[in-house]
Amino acid sequence: MPIKHENAPSIGKTASCDGYSLPASRRNLRDRLPKTGFNTLKSLGIALWFMFLTFPIMVIKVSPLEKTIEWRWSRLVYVGAGAFSLSMLWRFLIYRMEAGTSFKKPLQERLSLFFQRKKSRKATALAAAFIFAALFPFIFSTYQTSIMISALMYVMLGLGLNIVVGLAGLLDLGYVAFYAAGAYCYALLNHHFGVGFWTALPLAGAIAAVMGIFLGFPVLRLRGDYLAIVTLGFGEIIRLVLENWNEFSFGPSGIAGIDRPWDFGLGFTLRGHTIYLFYIVCLLVLLTMVVVSRLRNSRIGRAWIALREDEIACEAMGIDKTRTKLTAFALGATWAGFGGCLLAAKTTFINPASFTFMESAIILSIVVLGGMGSISGVILGAFILILMPEYLRAFSEYRMLAFGAAMVIIMVFRPQGLISATRKRYEFPEEKREGEKP
Amino acid sequence: MDGDQVLQVRGLTMDFGGLRALAEVDLDVGRNEIVALIGPNGAGKTTFFNCITSVHDPDRGDMIIQPPGKAPQRINGLKPNAVTELGIARTFQNIRLFKDMTVLENVMVGRHCRTRAGIAGAIFSTKQARAEERACMDFAFSMLAKVGLGNRADEKASELPYGAQRRLEIARALATEPFLLLLDEPAAGMNPSETDEMDRLVSRIREEGVSILLIEHDMKLVMSISDRIYVLDYGNLIASGTPQEVAGNSRVIKAYLGESFDA
Amino acid sequence: MEYFLELFFGGLTRGSIYALLALGYTMVYGIIQLINFAHGEIYMIGAFTALIAASALSMLGLDGWSLLAIAGLAAVIYSAAYGFTLEKIAYKPLRKAPRLSPLISAIGMSIFLQNYVLLAQTSDFLSFPALIDEFPFMEDVTIIRSSELVIISVTALSTALLTIFIKFTGIGKAMRAVAQDRIMAMLLGVKVDRVISVTFIIGSALAAVGGVLISSHVGQINFYIGFIAGIKAFTAAVLGGIGSLPGAVLGGLVLGWTESFATGYVSSDYEDVFAFGLLVFILICKPSGILGRSSAEKV
Ligand SMILES: Nc1ncnc2c1ncn2[C@@H]1O[C@H](COP(=O)(O)OP(=O)(O)OP(=O)(O)O)[C@@H](O)[C@H]1O
Ligand SMILES: [Mg+2]
């Protein structure tokens, strides 16, 4: 068997697991790092490669109509210099990561230790977060608050999808269909019958859930990636129907003038409405967090995780596969329905363009990037993915470029997501632990 | 089916394409018995388990069970979880634990079909649901203690050593409160002292009123604990009887050792 | 009848392009079980490279078949290079990662590449030169255009070459071995990393061929064409049974025909609904796709 160089780092990883061998693993690391001269040469090669790679698209700009060519040679120099330095950095980070000396893992451990050591610390942190959230709309502008509402809505959507993907392990690429169902539910009810937000919210959830079950029945016997593409197809079908069935959904022009949540007749200004909506979203996010964390450590939640880990063993434990999958699907969909209803109330205008596949991809990315199955991970993922493009508006046109790159980079250096899920520890009286010695 | 039996299999046949993995197999397990199913590699032992637990759908044959205090029931064509719910639990030859869960949670999953709490109960954390959760945890814990894993409840299942993983699978199966336990090579890959431990564990489980059907290659273990033995070879039942009867059977010796040992 | 044939060949053309792309998806999936979401972007980059090369060369006075050959070659080389690099950056470090991580990395790459082309070139539609001349002998034929004929033949040729490559060359055998059992292949000394690289290179080259042909046929491109084509091609690959090469071709053709006839006889608004509806229907009837084998897990 050809033992390749890449296999070596995993040895270093196990070695550094017990705290004592850390210096040894550092030494290994240094031994493994190729000599600086070689490194430079390699980066030089990579720089040349990228100059070649980006040459036509970066350097040449043609206008086929005017039949002119513009040569932008200076860009080649930037690419070369950029690729050289980035490749040095990239390789260094990969070596570090494979040697198990990545800097983020200890951070997460240290943080969780910090909170475990004293219960009061957790309470303090929660209280601080609570006060911050309560004051947020008064400290920041309406614009900022509105962005925050989006981010929180995505937290909700992410947590909902987390049930389906993170817990039950069903790769759903058509989550946006349920989001659309919720949004159109409120928009249409409001448009035709003047139904208010608070009445529509549970209805939106219910309709999405029913749709989840309806879709789930035929497709849940599909395995992994087949399920993914069918749900993707389903999401696209829903969007296309919304786009083309003018009598029902008003087509691409969408529905405008949707009522904001009722203001108790106080006559809120725009700012007032935004603040009000902010609190509604905060409340819903809080509710979602409670629900998801309770479900996760319940009989149903364990069945979901068991299903994700091993379907055959799961059934052998007496778990009904179909029913368990359907509950996950329906619950996930419910939250998408809530999210859609909120979206309609926030923007007061919806059209099919808000429900493209990209939306599903972003929500899925929130879940995976944050850390599948982990609630705080999903929250962090949503804030990064939704706030980053907003605050990168300064770089306007480069923001989506950076966004895509960030997704790749986070996955490469943190494959299990930013925050890895931990399972609940159950507490027992010590004497019970004294099982027989194996 | 008389009242002393828990499992009666008649004429069980299973084909995989052209390969006949089981041919007209008859097998009985009596109440409180330990029955061993042995045979060379590829004889169809695991396939037999898979048919009973509905992982595979057999081509022909009847599988009838009789849970204690209940009427006999045919289990052909049931869903796997329904079979478990009726009281048959199994372990797997290639350990199939829920790797990312803790040891205790693995066993708690086994309680699924004996508990009822639903989504609403979990979300509102009702008194009933909490009580059930507590009871589930205690039960799971007592199962862990029974197989000697009480002090490792919080570890990740995948981090247990091999022998402990096998015992965890047994604890998980026991959590479903079976009347018949199917063990697929429980002592595979264990050292002699672990095997002895397994011997004692299996006997103890039987003493608690669970019948056991056991696949095992370790003849010392099989001979010492089984009441009766069935021998499969290429899907055919070639012998059955008490350990002494089977040990002296020339067809069995031939199947295990090959033609040259005919004499 | 004539209308039917027109739709038939239109569907065959469309289906050929899907097939070329679907082959890339299916090969990558067969070997590393990854949905390479950025595959459509490779196709788009192929089309852009061809456009740039063709425009530059035509200003040097080149035209006709030599222009097509050089531009096509440039597209193939560059797409292959992009595919190779893409795998090294976004997927190779994630070989041992949880299954969904490379998928997210792929989606990130797809967004990145789209915006890279958008920024470096333009967001507008660019008109693509008709590289494929009308054949003189096709003048009287109305049911099929010359470029359609070329697309169909080139696809057939590429598929045949690919089949020969996979069946008879050493690296082709290694690819099949890795697809069946990566660990075992590795133990037997197959250089898995190299096989994966070759897979990406071939898949990307095929995508480039598709990109050049369809762009020349349709006459315009922008940075977003890869995304839609990618999703369709992936649908085709799954439809045919992912991991199966004949399945990818068949899936592509079936999808092409479905869309073509749906557009022709029903309404172009619902073209995609029919495509995805067909997918859902087939997978429900046959969960592993038309030619896919159901791999029952051994217990
Ligand atoms: N899912 C399946 N598909 C096709 N053939 C199968 C399948 N499962 C088992 N077989 C075949 O059936 C025969 C019996 O297999 P089985 O696993 O039951 O043997 P076994 O007696 O358990 O052997 P071992 O002692 O090695 O575990 C073997 O030839 C095996 O290859
Ligand atoms: Mg076996």
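Here's what I pulled together on the structure shown here. (Residues numbered from 1 in each chain as written. Chains lettered and ligands numbered in written order. Predicted model: local features only at pLDDT ≥ 70, side-chain atom pairs only at ≥ 80, totals over all residues. Heavy atoms only, no water.)

1. Describing the overall build of chain B
Of regular secondary structure, chain B possesses 10 helices and 10 strands. The C-alpha atoms of chain B give a radius of gyration of 19 Å, which matches the 18 Å a tight globule of 263 residues would have. Counting only residues that meet the buried cut, chain B has 57% of its 263 residues in that class. Put simply, of all contacts in chain B between residues at least 6 apart along the chain, 68% involve residues at least 24 apart. Accessible surface for chain B amounts to roughly 10500 Å². Of this, 50% is attributable to carbon and sulfur atoms. Looking at chain B, you have 30 positive and 36 negative side-chain charges, and the mean spots of the two groups are 5 Å apart. (Helix = DSSP H or I, 4+ residues; strand = E, 2+ residues; numbered from the N terminus. Rg over C-alpha atoms; globule rule 2.2 N^0.38 Å. Buried < 20%, exposed > 50% of the residue type's maximum accessible area, 1.4 Å probe, protein only. Contact = heavy atoms within 4.5 Å. Areas by Shrake-Rupley, 256 points an atom, 1.4 Å probe, with all protein chains shown as cover. Lys, Arg positive; Asp, Glu negative; His and termini not counted. Charge placed at Lys NZ, Arg CZ, Asp CG, Glu CD.)

2. Concerning the side chain of Ser204 of chain C
Residues and elements named next belong to chain C. Here Ser204 shows up in helix 8 (residues 192-218). Overall, Ser204 belongs to the buried group, its relative accessible area being 2%. Residue contacts for Ser204: discarding those within four places in its chain leaves His39, Ile42, Ser79, Ala80 and Gly83.

3. Things to note about the environment of Leu157 of chain C
Residues and elements named next belong to chain C. As for its placement among the helices and strands, Leu157 is situated in helix 5 (residues 146-168). We classify Leu157 as exposed; its relative accessible area is 53%. The spacing of Leu157 and Met59 is 98 residues in sequence and 31 Å in space, taken between C-alpha atoms.

4. Let's talk about the sheet that holds strand 9 (residues 228-233) of chain B
Residues and elements named next belong to chain B. The sheet built from 6 strands is open, its strands ordered 6-7-8-3-9-10 with mixed pairing. Of all strands in the sheet, those bounded by a partner on one side alone are strand 6 (88-90) and strand 10 (236-241). Mean inter-strand twist for the sheet, computed between neighbouring axes without regard to direction, equals 15 degrees. Strand contacts of helix 1 (residues 45-52): strand 3 (34-38), strand 6, strand 7 (180-184), strand 8 (211-215) and strand 9, with the helix running at about 140 degrees to strand 8, the strand carrying the most contacts. Taken strand by strand, helix 7 (residues 192-207) contacts strand 3, strand 7 and strand 8, and its axis lies near 150 degrees from that of strand 8. (Pairing = 2+ DSSP bridges. Axes fitted to C-alpha atoms, helices over the stretch in contact; angles between N-to-C directions.)

5. Some thoughts on the packing of aromatic side chains
According to the stated counting rule, one finds 31 aromatic pairs over all chains in the structure shown. An angle of 20 degrees between the planes, with centres 5.2 Å apart, marks the rings of Phe4 of chain C and Phe261 of chain C as stacked. Taken together, the positions of Phe4 of chain C in helix 1 (residues 2-32) and Phe261 of chain C in helix 10 (residues 245-266) put the pair 257 residues apart, joining distant regions of the chain. Through a chain of ring-to-ring contacts, three or more aromatic side chains come together here, namely Phe132, Phe136, Phe140, Phe278 and Tyr279 of chain A. When the ring centre of Phe98 of chain B is taken as origin, the NZ or CZ atom of Arg172 of chain B, which lies over that ring, is 4.8 Å away. (Phe/Tyr/Trp six-rings, centres within 6.5 Å; stacked < 30°, edge-to-face > 60°. Lys NZ or Arg CZ within 6 Å of the ring centre and 35° of its normal.)

6. Remarks on the pairing of strand 10 of chain B
All names here are of chain B. Here 5 bridges tie strand 9 to strand 10, and the two strands are oriented antiparallel to one another. Bridging from a neighbouring strand, Val231 pairs with Ala239 of strand 10. From the end of strand 9 to the start of strand 10, which pair antiparallel, there are 2 residues, and Tyr234 there has a positive phi angle of about 45 degrees.

7. Considerations on the packing of helix 5 (residues 127-146) of chain B against helix 6 (residues 162-174) of chain B
Residues and elements named next belong to chain B. Where helix 5 contacts helix 6, the axes come no closer than 9 Å and their chain directions differ by 140 degrees. Comparing the axis directions of helix 5 and helix 6 gives the class oblique. For the pair helix 5 and helix 6, the crossing hand works out as right-handed. Each of Phe139, Met143, Leu144 and Lys146 in helix 5 lies in contact with helix 6, whose residues at this interface are Leu168, Ala171 and Leu174. Of the residues assigned to the contact of helix 5 with helix 6, the class counts are 6 nonpolar, no polar and 1 charged. (Parallel < 35°, antiparallel > 145°, perpendicular 65-115°, else oblique. Left-handed = near helix turned anticlockwise from the far one by under 90°. Nonpolar A, V, L, I, M, F, W, Y, C, P; charged D, E, K, R; others polar.)

8. What about unusual backbone geometry?
A positive phi is found at Phe250 of chain A, a non-glycine position, where the angle reads about 65 degrees. Here Phe250 of chain A shows up in the loop between helix 11 (246-249) and helix 12 (270-296). Here the phi dihedral of Glu177 of chain B falls at roughly 50 degrees; this positive angle occurs in a residue that is not glycine. Looking at the secondary structure, you find Glu177 of chain B in the loop between helix 6 and strand 7. On the accessibility criterion, Glu177 of chain B (40% relative accessible area) is partly exposed.

9. So, the coordination of the magnesium ion (ligand 2)
Ideal geometry at a metal centre gives angles of 109.5 degrees when four donors are arranged tetrahedrally and 90 or 180 degrees when six donors are arranged octahedrally. All names here are of chain B. At the metal site, the magnesium ion (ligand 2) is ligated by Thr46 (OG1) and Gln93 (OE1), and these contacts range over 1.8 to 2.1 Å. Pair noted here: Thr46 is in helix 1 and Gln93 is in the loop between strand 6 and helix 3 (103-110), with a separation of 47 residues, a long-range link. Overall, Gln93 belongs to the partly exposed group, its relative accessible area being 27%. (Donors = N, O, S within 2.8 Å, 3.2 Å for Na, K, Ca; no water.)

10. Quick look at the environment of Ser260 of chain C
All names here are of chain C. Locating Ser260 in the fold gives a position in helix 10. Residue classification places Ser260 among the buried residues on the basis of a relative accessible area of 7%. Expressed as a C-alpha distance, the spacing of Ser260 and Phe8, which sit 252 residues apart in the sequence, is 7.3 Å. When neighbours within four sequence positions are excluded, Ser260 is seen to be in contact with Leu7, Gly10 and Gly11. Of the polar contacts made by the side chain of Ser260, one reaches the backbone nitrogen of Gly11; its length is 3.4 Å. (Polar contact = N/O pair within 3.5 Å; in protein donor to acceptor, adjacent residues only side chain to side chain.)

11. Observations concerning the site of ligand 1
Residues in close proximity to ligand 1 total 15 residues, the closest being Gly42, Lys45, Thr46, Thr47 and Gln93 of chain B. The site occupied by ligand 1 is bordered by residues of chains B and C. Gly44 of chain B is positioned such that a nitrogen or oxygen atom in its backbone is 2.9 Å from an oxygen atom of ligand 1. Thr46 of chain B places a side-chain nitrogen or oxygen 2.6 Å from an oxygen atom of ligand 1. In isolation ligand 1 has 640 Å² of accessible area, and contact with the protein removes 75% of it. Among the elements that take part in the shell around ligand 1, helix 1 of chain B stands out by supplying 3 residues, more than any other. For the shell around ligand 1, the residue count by class is 4 nonpolar, 8 polar and 3 charged. (Near = heavy atom within 4 Å.)

12. Regarding the pattern of salt bridges
Side chains that differ in charge, positive against negative, can pair when their charged atoms come close. All names here are of chain C. The final tally for this structure, using the stated rule, is 30 salt bridges over all chains. Across the salt bridge formed by Glu271 and Arg14, the nearest N and O atoms sit 3.1 Å from each other. One end of the pair, Glu271, is in helix 11 (residues 271-285); the other, Arg14, is in helix 1, with 257 residues separating them in the sequence. Assessed through its relative accessible area of 27%, Arg14 is described here as partly exposed. In this structure, the salt-bridge partner of Glu87 is Arg95, at a minimum N-O distance of 2.3 Å. Judged by relative accessible area, which is 23%, Arg95 ranks as partly exposed. (Salt bridge = Lys/Arg side-chain N within 4 Å of Asp/Glu carboxyl O.)

13. Here we look at a negative patch on the surface
Residues and elements named next belong to chain C. A cluster of acidic residues, Asp63, Asp133, Glu134, Glu139 and Asp140, forms a negative patch at the surface. Note that Glu139 resides in the loop between strand 1 (126-127) and helix 5. On the accessibility criterion, Glu139 (66% relative accessible area) is exposed. (Patch = residues over 30% accessible without salt bridge, like charges linked within 9 Å, V, L, I, M, F, W, Y side chains within 5 Å.)

14. What about the packing of helix 10 (residues 224-244) of chain A against helix 9 (residues 225-240) of chain C?
Running from N to C, helix 10 of chain A and helix 9 of chain C point in directions that differ by 130 degrees, and their axes come no closer than 11 Å. Comparing their axes, helix 9 of chain C and helix 10 of chain A come out oblique. The hand of the helix 10 of chain A/helix 9 of chain C crossing is left-handed. Taken together, the residues of helix 9 of chain C that come into contact with helix 10 of chain A (itself represented by Tyr226, Ile229 and Leu232 of chain A) are Ile231, Phe234, Thr235 and Val238 of chain C. Looking at the contact of helix 10 of chain A with helix 9 of chain C, its residues break down into 6 nonpolar, 1 polar and no charged.

15. Some thoughts on the interface of chain C and chain A
Of the residues lining the interface, 72 residues belong to chain C; the matching set on chain A comes to 65 residues. Together, Tyr78, Ile104 and Leu119 of chain C form the three largest contributors to the area buried by chain C at its contact with chain A, with a combined 10%. Where chain C packs against chain A, one counts 0 salt bridges. Within the residue set of the side of chain C that touches chain A, elements represented by two or more residues are helix 2 (39-59), helix 3 (64-91), helix 4 (100-120), strand 1, helix 7 (182-187), helix 9 and helix 11 of chain C. For the side of chain C that touches chain A, the per-class residue count stands at 49 nonpolar, 17 polar and 6 charged. (Buried area = accessible area lost by both parts, 1.4 Å probe.)

Nothing here speaks to function; it is all geometry.
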